[in-house]
Amino acid sequence: MAEGAKSTRAARTTYGGTRSENPQKTSLALIIINVGVWIAIMVTGGAGSRLVDLLALRPNGVCLTGQGAFDQPEASCVNPATWLPGVSDGAYWQMITSTFAHVEVVHIGFNMLALWVLGPTLEAYVGRVRFLALYLLSGLAGSVLVYWASYEYGSTLGASGSIFGLMGGLLVVTVKIRGNVQGILTWIAINAVITVVGAGSISWQGHLGGFLGGVLIAALLIYAPKPRRTTWQVSGMVAIGVVLVLATALRTTQLA
């Protein structure tokens, strides 16, 4: 029996991933991480927390003074506590940490609800590892567009890029299986309207970048040739990751 168990292949999803016994567990784990970061921010000062300064994505670092923020090296900032690091100054972790940080209750509430609704469905099609890759790379894609197209000294945070990536991914899956796209298109349309209406306070860059990243990654996973499917999928995702890293490096040279 032991030998038989060893030789039994794990059940696979429709598009090559190992089938999860409970697809909700991955989304729940991501929700716990996001909520944990949010609680840490709340108990350390909320919007004024030093954690926000460190975790939020800021393209260029700034030194805060009584008159405002100025672009000057950290070494010349009189009080180190007023220095807000940016990606171009070496705070590259912000490209990822910003996708797990929130301040407003409504913001994290909506994102986590969307993750809970969309995540398990998508994971059931592609498997846990591929789902996580899509989630994280979509968030990174959103961060890259924020890095390139947002205000140089502003800060951006939230999991919306990853959530829009899930929407894009489910759209690709639904089209592939010839399902009813009305539901996911309605969800996308509502969020697109919210993005446009709240353009002053909502990062359209993160939303658009995440959505395009999710569509591209899902298309790679769903339409990869069956022969050597895993090789095609892994190679494609690595290539996407490399492109995103190179885009980040190129933008850094412009801001440095």
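All values reported here derive from a predicted model rather than from experimental measurement.

At Arg178, a position not held by glycine, the phi torsion is positive, near 60°. Its place among the elements puts Arg178 in the loop between α7 (160-176) and α8 (182-197). Residues other than glycine seldom take positive phi values, yet Arg228 does so here, at roughly 60°. Relative to the helices and strands, Arg228 resides in the loop between α9 (204-223) and α10 (229-255).

Let's shift gears to the confidence of the model for the protein chain. The predicted model of the protein chain averages 90 in pLDDT, with 89% of residues at 70 or higher. Taken element by element, the protein chain is modelled with least confidence in helix α1 (residues 2-7), mean pLDDT 44, and with most confidence in helix α4 (residues 94-97), mean pLDDT 98. Taken together, the stretch residues 1-8 has pLDDT below 50 and engages in 0 contacts with residues farther than four places along the chain or on a different chain.

Moving on, we get to the environment of Trp93. One can find Trp93 in the loop between β3 (83-84) and α4. Remark: the alpha-carbon pair of Trp93 and Leu54, spanning 39 residues in sequence, is separated by 8.9 Å. Polar contacts involving the side chain of Trp93 include one to the main-chain carbonyl oxygen of Leu54, which spans 2.7 Å.

Scanning all chains against the criterion turns up 3 aromatic pairs. For the pair Phe100 and Tyr135, a centre-to-centre distance of 6.5 Å together with 55° between the ring planes defines the contact as tilted. Here Phe100 is found in the loop between α4 and α5 (105-126), whereas its partner Tyr135 is found in helix α6 (residues 128-149), with 35 residues between them in sequence. Looking at Tyr135, the relative accessible area reads 0%, which means it is buried. With a centroid separation of 6.5 Å and 40° between ring planes, the pair formed by Phe131 and Tyr135 is classed as tilted. With Phe131 and Tyr135 both in helix α6, this residue pair falls 4 residues apart, about one helical turn. Following the ring pairs from residue to residue traces out a cluster consisting of Phe100, Phe131 and Tyr135. The ring of Trp148 carries the charged tip of Arg251 above its face, separated from the ring centre by 5.6 Å.

With that settled, consider the side chain of Gln233. By the element assignment, Gln233 lies in helix α10. In this structure Gln233 comes out as buried when scored by relative accessible area, which is 1%. Beyond its immediate stretch of four places on either side in the chain, Gln233 contacts Tyr15, Arg130, Leu220, Leu221 and Ala224.

Another point: the pattern of salt bridges. Tallied over the entire structure, the rule returns 2 salt bridges. Among the salt bridges present, the one from Asp53 reaches Arg50, with a minimum N-O distance of 3.5 Å. Of the two residues, Asp53 and Arg50 are both situated in helix α3 (residues 50-55); the distance of 3 residues between them amounts to about one turn of the helix. The buried category is assigned to Asp53, whose relative accessible area is 15%. Accessibility expressed as a relative area gives 35% for Arg50, which makes it partly exposed.

Our next topic: the nonpolar core. Nonpolar side chains in soluble globular proteins tend to be buried together. Core analysis: the largest hydrophobic core is formed by 45 residues, its most contacted members being Leu115, Tyr135 and Leu166. With 10 residues, α6 is the largest single contributor of residues to this core. Among residues more than four places away in sequence, those in contact with Tyr135 are Leu30, Asn34, Phe100, Leu115, Ala159, Ser162, Ile163 and Leu166. Judged by nonpolar contacts, the second largest core, of 6 residues, contains Ile41, Val52, Ala101 and Val103.

The next point concerns the packing of α7 against α8. Taken N-terminus to C-terminus, the directions of α7 and α8 make an angle of 150°; their axes are 10 Å apart at the nearest point. Here α7 lies roughly antiparallel to α8, going by the angle between them. Helix-helix and strand crossings are classified by hand; for α7 and α8 the assignment is left-handed. Of the residues in α8, those touching α7 at Phe164, Met167, Leu170, Leu171 and Thr174 are Ile184, Leu185, Trp187, Ile188, Asn191 and Thr195. Across the contact of α7 with α8, the residue classes tally to 8 nonpolar, 3 polar and no charged.

What follows covers the packing of α9 against α10. At a minimum axis distance of 9 Å, the contact between α9 and α10 shows a crossing angle of 160°. With respect to each other, α9 and α10 are oriented roughly antiparallel. The way α9 lies across α10 gives a crossing that is right-handed. Every residue of α10 that contacts α9 at Leu216, Ile217, Leu220 and Leu221 is listed here: Trp232, Gln233, Gly236, Met237 and Ile240.

Analysis parameters
- Residues numbered from 1 in each chain as written.
- Predicted model: local features only at pLDDT ≥ 70, side-chain atom pairs only at ≥ 80, totals over all residues.
- Heavy atoms only, no water.
- Helix = DSSP H or I, 4+ residues; strand = E, 2+ residues; numbered from the N terminus.
- pLDDT = per-residue confidence, 0-100.
- Contact = heavy atoms within 4.5 Å.
- Polar contact = N/O pair within 3.5 Å; in protein donor to acceptor, adjacent residues only side chain to side chain.
- Phe/Tyr/Trp six-rings, centres within 6.5 Å; stacked < 30°, edge-to-face > 60°.
- Buried < 20%, exposed > 50% of the residue type's maximum accessible area, 1.4 Å probe, protein only.
- Lys NZ or Arg CZ within 6 Å of the ring centre and 35° of its normal.
- Salt bridge = Lys/Arg side-chain N within 4 Å of Asp/Glu carboxyl O.
- Core = buried A, V, L, I, M, F, W, Y, C linked by side-chain atoms within 4.5 Å.
- Axes fitted to C-alpha atoms, helices over the stretch in contact; angles between N-to-C directions.
- Parallel < 35°, antiparallel > 145°, perpendicular 65-115°, else oblique.
- Left-handed = near helix turned anticlockwise from the far one by under 90°.
- Nonpolar A, V, L, I, M, F, W, Y, C, P; charged D, E, K, R; others polar.

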